[in-house]
Amino acid sequence: MPLLATPHYSGFALAHDTYNAITAASDGQIYYVLCSESPTEGGKMYRYNPATGRSELLADLTEICGETDANAIPQGKSHVRFYEHAGKLYFATHIGFYEMIDGMERLPVNPPQGRALYPGGHFLSYDLTTGAFEDLMTAPEGEGILSMTLDRERGQLYGITWPVGYFIRYNLQTGELTNLGPVSARGEAGQPGNDYRVLCRSLLVDPRDGAVYFSTPEGLIFKYSPDNGAIQPLEGVDLRLDYFGQYDPTHPGSMGYNWRKIFWYAPEQVAFGIHGNSGYLFKFDPRKPAIELVERLTSEPSRKSGMYDQFSYGYLGFQPGPDGETIYYLTGGPIYMDGKRLKGVEQIAKGAAKGLENLHLITFHIPSKTYKDHGPTFYADSSRPTYVNSIAIGTDGTVYTLARFDHGGREIQDLVRIPAVF
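Residues numbered from 1 in each chain as written. Predicted model: local features only at pLDDT ≥ 70, side-chain atom pairs only at ≥ 80, totals over all residues. Heavy atoms only, no water.

**Some words on the sheet that holds strand β23 (residues 280–285)**
Strand order in the open sheet formed by four strands is β21-β22-β23-β24, with antiparallel pairing between adjacent strands. The open sheet has two edge strands, β21 (259–265) and β24 (290–296), and neither has a second partner. This sheet shows a mean twist of 25 degrees between the axes of neighbouring strands, independent of strand direction. As paired strands, strand β22 (residues 270–275) and β23 are joined by four bridges and run antiparallel to one another. Paired with F272 across the two strands is K283, which belongs to β23. (Pairing = 2+ DSSP bridges. Helix = DSSP H or I, 4+ residues; strand = E, 2+ residues; numbered from the N terminus. Axes fitted to C-alpha atoms, helices over the stretch in contact; angles between N-to-C directions.)

**Side note on the layout of surface pockets**
Its boundaries defined by the atoms lining it, the largest pocket holds a volume of some 1,100 Å³. Considering the residues around the largest pocket, the lining is formed by 46 residues, among which R81, Y83, R152, Q319 and P320 are closest to the centre. Elements represented by at least two residues in the lining of the largest pocket include exactly β3 (22–24), β7 (83–85), β13 (144–151), β17 (204–205), β21, β25 (318–320) and β31 (392–393). A total of six residues in the lining of the largest pocket trace back to one element, the largest contributor, which is β13. The residue inventory of the lining of the largest pocket, partitioned by class, reads 24 nonpolar, 14 polar and eight charged. (1 Å grid on protein atoms, 1.4 Å probe; cavity = no way out; pocket = protein on both sides within 12 Å on 5 of 7 lines; lining within 4 Å. Points joined across faces, edges and corners; volume = space filled by probe spheres on them. Nonpolar A, V, L, I, M, F, W, Y, C, P; charged D, E, K, R; others polar.)

**A closer look at the pairing of strand β6 (residues 54–60)**
Summarising the sheet, strand β5 (residues 44–49) and β6 pair through six bridges and their orientation is antiparallel. When the sheet's bridge partners are listed, K44 is paired in β6 with D60. In textbook terms, the turn of a hairpin is the stretch between consecutive antiparallel strands, and for β5 and β6 this stretch comprises four residues, one of which, G53, has a positive phi near 75 degrees.

**Re the pairing of β23**
Judged by how many residues are buried, β23 sits mostly within the fold: six of six residues are covered. Every second residue of β23 is oriented toward a common face, with Y280, F282 and F284 on one face and L281, K283 and D285 on the other, all of them buried. As consecutive antiparallel partners, β22 and β23 are separated by four residues, and within that stretch G279 has a phi angle of approximately 75 degrees, a positive value. Pairing analysis gives six bridges linking β23 to β24, with the strands arranged antiparallel. (Buried < 20%, exposed > 50% of the residue type's maximum accessible area, 1.4 Å probe, protein only.)

**Quick look at the sheet that holds strand β2 (residues 6–8)**
Overall, antiparallel pairing links the four strands, which are arranged β2-β33-β32-β31 in an open sheet. Edge positions in the sheet fall to β2 and β31, since each of these pairs with one other strand and no more. Here strand β32 (residues 399–407) runs beside strand β33 (residues 410–418); their pairing, made up of nine bridges, is antiparallel. Note on β33: the bridge partner recorded for F405 is I412.

**Side note on the nonpolar core**
Judged by nonpolar contacts, the single largest core of 38 residues is most densely connected at W259 and F284. Sorting the residues of this core by element identifies β14 (156–162), β17, β18 (212–215), β19 (221–225), β21 and β23 as the ones contributing at least two each. In this view, F284 contacts L204, Y213, I221, L234, W259, I262, V270, A271, A290 and I291; residues no more than four positions away in its chain are not counted. Core analysis: the next-biggest nonpolar cluster, separate from the first, contains 33 residues, M45, A59, L150 and L157 among them. (Core = buried A, V, L, I, M, F, W, Y, C linked by side-chain atoms within 4.5 Å. Contact = heavy atoms within 4.5 Å.)

**Describing the pattern of salt bridges**
By the definition in use, this model includes 14 salt bridges. Taken together, the salt bridges that share partners define one network made up of D17, R404 and E411. (Salt bridge = Lys/Arg side-chain N within 4 Å of Asp/Glu carboxyl O.)

**Description of the environment of R384**
Considering the arrangement of structural elements, one finds R384 in the loop between β30 (370–378) and β31. When its relative accessible area of 26% is taken as the criterion, R384 is described as partly exposed. In this structure the C-alpha to C-alpha distance between R384 and F405, which are 21 residues apart in sequence, comes to 7.8 Å. If near-sequence neighbours (up to four positions away) are discounted, R384 is found in contact with I335, L356, E357, N358, T377, F378, Y379 and R404. Polar contacts involving the side chain of R384 include one to the side chain of N358, which spans 2.4 Å. (Polar contact = N/O pair within 3.5 Å; in protein donor to acceptor, adjacent residues only side chain to side chain.)

Take a look at the structure:
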């Protein structure tokens, strides 16, 4: 039976697609960012109260960064989850306005309307008790911050910037920022067929030793060692698996062999990750090191069709639930018309939907290895939530995400609630 999704309008008419930036915090509230493609207005951070069903605008991202008067391209989005530590939420900002250069979305070099160039993304914090924001640092070389994680035990923030892909570390105790250089050729600033490489969207911290792991489109897994500051590829293990597909890492349009999302699972002292295009769930043991496939976590209709889903990069709505044992995954499912699968375009040069599809909620209980597709999800008017690449699970099991829907005759992206399935 289909699930009913309830859209919530937060009040931002320019709200555009958000990736990752939603989290259920320890105070029971849902924190999220609504992004903006505008060259003059930045993205907004909100708080939703499940008890009252109301949302509250907390701040404009550009204002938090102290750049309102800079007349620069604004802080249009956040591309990362919120990480809670010591009573604060840590997150990062990214550019939302791009310049089309040779048919690709690039970091602007010709800013519009007399604006200055984008000043670079920021690491930020938000105090859950006082409501105070703190601007921690600005990314190097005017780059946005694409990926981020937090080592809670050692008080370190890590990130990968966009478009070149610098690996950065920020020490919360000392305020020191370290740029350890590009992680993958010229990243998404490179030229297709040459030094272009799609960048990893999810970083992994091993809490036992503070090592940080990320992947590349070639399927390599790199390790950052905090004891000596070295970044080196792991030997004897990679993500170049036949089941993941075949990719040219020098061309845009997929995540290649990159993992799409990954998290640490303490009971087994391993990580669980998802490969975006194939939808395979895998287990990563950094000590062995080893990769082990667990299950294809796509929807039942996708599994039966044997085809990939429509979003070219795969899906970021992949997160453990409140019990710490159940993975929640928002993914695609094919649409059939007159018995035929609805096809999308064959190729697209960025992370986007190649065609229309259904949204499915999948759960996977790790200890019992129980997979369940809870079915497609629709709004009350029978339309579909689309461009879904985020997830947060409330303490009562309610699933929150950010999805497109029609509001007043205009398509926006905003908060959506899906009822608990357990």
